[in-house]
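Chain by chain, the residues:
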Amino acid sequence: AGDVVVTVPQDLLITVSSITKSCPTPGLVDDELWATSPWYVRLAFLLLEKVKLRPVPWGAQLDALPFTFDTPIHWPAETLEALQYPFLVN
């Protein structure tokens, strides 16, 4: 317990506070769209800009992200009901 497993340099962090400042992606998004977008949309814009400006220090991590994924939120109701786990259905 108490062991450091991983460290990330401060300048490589993407946090909610770092994406709420002025628009860091002027070639991708205008200031008005940036200002009116929720944090998760801003994050998507920022990641798109980072991918566009390769190479980035964490490009390998971006390359490892899946392009598609399958989660229970996308499953049909009959599949969820077959699991007999009401918390997923409700």
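That block above? That's the structure.
Residues numbered from 1 in each chain as written. Predicted model: local features only at pLDDT ≥ 70, side-chain atom pairs only at ≥ 80, totals over all residues. Heavy atoms only, no water.

Asker: I'd like a description of the nonpolar core, backed by residues and values.
Answerer: Judged by nonpolar contacts, Ile19, Cys23, Val29, Trp34, Phe45 and Leu46 together constitute the single largest core of six residues. Residues within four places of Phe45 in sequence aside, it is in contact with Thr25, Leu28, Val29, Leu33, Trp34 and Ser37. (Core = buried A, V, L, I, M, F, W, Y, C linked by side-chain atoms within 4.5 Å. Buried < 20%, exposed > 50% of the residue type's maximum accessible area, 1.4 Å probe, protein only. Contact = heavy atoms within 4.5 Å.)

Asker: Report on the side chain of Ser37, specifying residues and quantitative values.
Answerer: You can see Ser37 is positioned in the loop between helix H1 (31-36) and helix H2 (39-52). There is a polar contact of 2.6 Å between the side chain of Ser37 and the backbone oxygen of Leu33. Residue contacts for Ser37: discarding those within four places in its chain leaves Arg42 and Phe45. (Helix = DSSP H or I, 4+ residues; strand = E, 2+ residues; numbered from the N terminus. Polar contact = N/O pair within 3.5 Å; in protein donor to acceptor, adjacent residues only side chain to side chain.)

Asker: Provide a residue-level description of the environment of Ser22, including the pertinent values.
Answerer: When you line up the elements, Ser22 lands in the segment before H1. A sequence separation of 13 residues divides Ser22 from Ala35, and the C-alpha atoms of the two residues are 7.7 Å apart.

Asker: Give a description of H2 that names residues and reports values.
Answerer: Between its first and last C-alpha atoms H2 spans 20 Å; for 14 residues at 1.5 Å apiece the expected length is 20 Å, and the two agree. For H2, the set of buried residues is Arg42, Phe45, Leu46 and Glu49. Buried residues in H2, looked at end-on, bunch into an arc of 100 degrees, giving them a common side. The exposed residues of H2 that point more than 90 degrees off its buried face are Tyr40 and Leu48. (Expected span 1.5 Å × (residues − 1). Arc of directions from axis to C-beta.)

In short, geometric facts, not functional conclusions.
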